[in-house]
Amino acid sequence: MAETVEQWNHNSHYHSALLRTIPANARSALDVGCGEGALTRALAGIVPTVIGIDSDQPSIDEARRQDGALRVEYILGDFLEYPFQPESFDFVVSVATLHHMDASAALNRMRALLRPGGALAILGLAHAGTVRDLPFEIAGLVTHRALSATRGYWEHPSPKVWPPPESYTAMRRLAAELLPGARFRRHALWRYSITWSKPVTR
Ligand SMILES: C[S@@+](CC[C@H](N)C(=O)[O-])C[C@H]1O[C@@H](n2cnc3c(N)ncnc32)[C@H](O)[C@@H]1O
């Protein structure tokens, strides 16, 4: 996974890889916890109808301000409560947000909002829980030092939760339980990803 954006941080580094998981011919996409909307704006260049939802008013204000053409519908609200139509999105993406919510409830909701054949892409934060996490922690330090030396580091303005409540192991298990067939991967910059395609049932 590698990035192509100018505001570099441990999330934006993976934006281009997330965008590559958009299904062909996707018509509608949802960015859960869109923050100031860097990824949401990129989505709008690919998918005709894009919604970004965030529970933080300043983040939504900033997202609207930066999206001069207002190609995206920005919703101020709680993703777990907002009355979206079930199975109404071809692509649901969420970056650095799952650990702000009850992870089971959020994954179940994301699954319910996807159309059959739609795709889910999550970039998440978790905490190290076992000795097997150690190589990834070291890889994070080395990669961060190497990349931030030339790219700087952009602090996004949206709310943060630290430390993340769930461990990597717990998130891997939860993904396997709630999203059968999901791909769970660890990444160098202290992130994991979950990618999943909703089966088309006949
Ligand atoms: C760490 S920020 C990440 C923002 C953005 N995705 C990015 O990568 O820069 C997490 C965002 O999730 C939002 N958030 C947390 N809980 C939420 C919820 N229940 N519904 C909608 N947004 C939520 C926060 O307001 C915050 O903007």
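We now turn to the structure provided with this report. All values reported here derive from a predicted model rather than from experimental measurement.

### Focus on the overall build of the chain
Link 1 in the chain: Within the chain, the regular secondary structure consists of 6 helices and 7 strands.
Link 2 in the chain: Relative to the compact-globule value of 17 Å for 202 residues, the chain shows a C-alpha radius of gyration of 16 Å, a close match.
Link 3 in the chain: For the chain, buried positions account for 49% of its 202 residues.
Link 4 in the chain: Here the contacts in the chain between residues at least 6 apart in sequence split such that 67% fall between residues at least 24 apart.
Link 5 in the chain: Of the accessible surface of the chain, which amounts to about 10000 Å², a share of 53% is contributed by carbon and sulfur atoms.
Link 6 in the chain: For the chain, the separation between the mean place of its 21 positive charges and that of its 20 negative charges on side chains is 9 Å.

### Re the site of the ligand
Link 1 in the chain: Among the 19 residues in the neighbourhood of the ligand, the closest are listed as Gly 33, Asp 54, Asp 78, Phe 79 and Val 95.
Link 2 in the chain: Interatomic distance of 2.6 Å between a side-chain N/O atom of Asp 54 and an oxygen atom of the ligand.
Link 3 in the chain: The contact in question runs from a nitrogen atom of the ligand to an N or O atom on the backbone of Val 95, over 3.0 Å.
Link 4 in the chain: The protein chains hide 91% of the 590 Å² of surface that the ligand would expose on its own.
Link 5 in the chain: Grouping the constituent residues of the shell around the ligand by class yields 6 nonpolar, 10 polar and 3 charged.

### Focus on the nonpolar core
Link 1 in the chain: Judged by nonpolar contacts, the single largest core of 30 residues is most densely connected at Leu 30, Phe 79, Phe 84, Leu 98, Met 110 and Tyr 192.
Link 2 in the chain: At the level of secondary structure, the elements contributing two or more residues to this core comprise strand S1 (28-32), strand S2 (49-54), strand S4 (89-95), helix H4 (103-113), strand S5 (114-124), helix H6 (168-178) and strand S7 (191-197).
Link 3 in the chain: Sequence-distant contacts of Phe 84, defined by excluding residues within four places in its chain, comprise Leu 30, Ile 51, Ile 53, Ile 75, Phe 79, Phe 89, Arg 109 and Leu 113.

### Re the pattern of salt bridges
Link 1 in the chain: Under the counting rule described, the total for this entry stands at 6 salt bridges.
Link 2 in the chain: Note that Glu 87 and Lys 198 form a salt bridge whose closest N and O atoms lie 3.3 Å from each other. With Glu 87 in the loop between strand S3 (72-76) and S4 and Lys 198 in the segment after S7, this pair connects stretches of sequence that are 111 residues apart.
Link 3 in the chain: Judged by its relative accessible area of 39%, Glu 87 is partly exposed.
Link 4 in the chain: Here Lys 198 falls in the buried class, since its relative accessible area comes to 12%.
Link 5 in the chain: Close ionic contact of Glu 155 with Lys 160 constitutes a salt bridge, the shortest N to O distance being 3.3 Å.
Link 6 in the chain: By relative accessible area, which is 52% here, Glu 155 ends up exposed.

### Observations regarding unusual backbone geometry
Link 1 in the chain: A cis amide bond links Trp 162 to the next residue, Pro 163, at an omega of 0°.
Link 2 in the chain: The phi dihedral of Glu 87 falls on the positive side, at around 50°, and the residue is not glycine.

### Some remarks on the environment of His 156
Link 1 in the chain: Tracing the backbone shows His 156 in the loop between helix H5 (134-151) and H6.
Link 2 in the chain: When the C-alpha atoms of His 156 and Gly 35 are compared, they prove to be 8.1 Å apart, with 121 residues separating the residues in sequence.
Link 3 in the chain: Contact partners of His 156, with chain neighbours within four places excluded, come to Asn 9 and Asn 11.
Link 4 in the chain: In terms of polar contacts, His 156 uses its side chain to reach the backbone amide nitrogen of Ser 158, at 3.1 Å.

### Structural notes on the side chain of His 13
Link 1 in the chain: Structurally, His 13 can be placed in the segment before helix H1 (15-19).
Link 2 in the chain: Owing to a relative accessible area of 9%, His 13 belongs among the buried residues under this scheme.
Link 3 in the chain: A distance of 3.1 Å separates the side chain of His 13 from the side chain of Trp 8, its partner in a polar contact.

### Section: H6
Link 1 in the chain: Those residues of H6 lying buried are Tyr 168, Met 171, Leu 174, Ala 175 and Leu 178. Buried residues of H6 fall within an arc of 125° about the axis and therefore sit on the same side. Counted as exposed and oriented over 90 degrees from the buried face of H6: Arg 173, Ala 176 and Glu 177.
Link 2 in the chain: Buried residues in H6 make contact with H4, H5, strand S6 (183-187) and S7.

Scoring rules and cut-offs
- Residues numbered from 1 in each chain as written.
- Predicted model: local features only at pLDDT ≥ 70, side-chain atom pairs only at ≥ 80, totals over all residues.
- Heavy atoms only, no water.
- Helix = DSSP H or I, 4+ residues; strand = E, 2+ residues; numbered from the N terminus.
- Rg over C-alpha atoms; globule rule 2.2 N^0.38 Å.
- Buried < 20%, exposed > 50% of the residue type's maximum accessible area, 1.4 Å probe, protein only.
- Contact = heavy atoms within 4.5 Å.
- Areas by Shrake-Rupley, 256 points an atom, 1.4 Å probe, with all protein chains shown as cover.
- Lys, Arg positive; Asp, Glu negative; His and termini not counted.
- Charge placed at Lys NZ, Arg CZ, Asp CG, Glu CD.
- Near = heavy atom within 4 Å.
- Polar contact = N/O pair within 3.5 Å; in protein donor to acceptor, adjacent residues only side chain to side chain.
- Nonpolar A, V, L, I, M, F, W, Y, C, P; charged D, E, K, R; others polar.
- Core = buried A, V, L, I, M, F, W, Y, C linked by side-chain atoms within 4.5 Å.
- Salt bridge = Lys/Arg side-chain N within 4 Å of Asp/Glu carboxyl O.
- Arc of directions from axis to C-beta.

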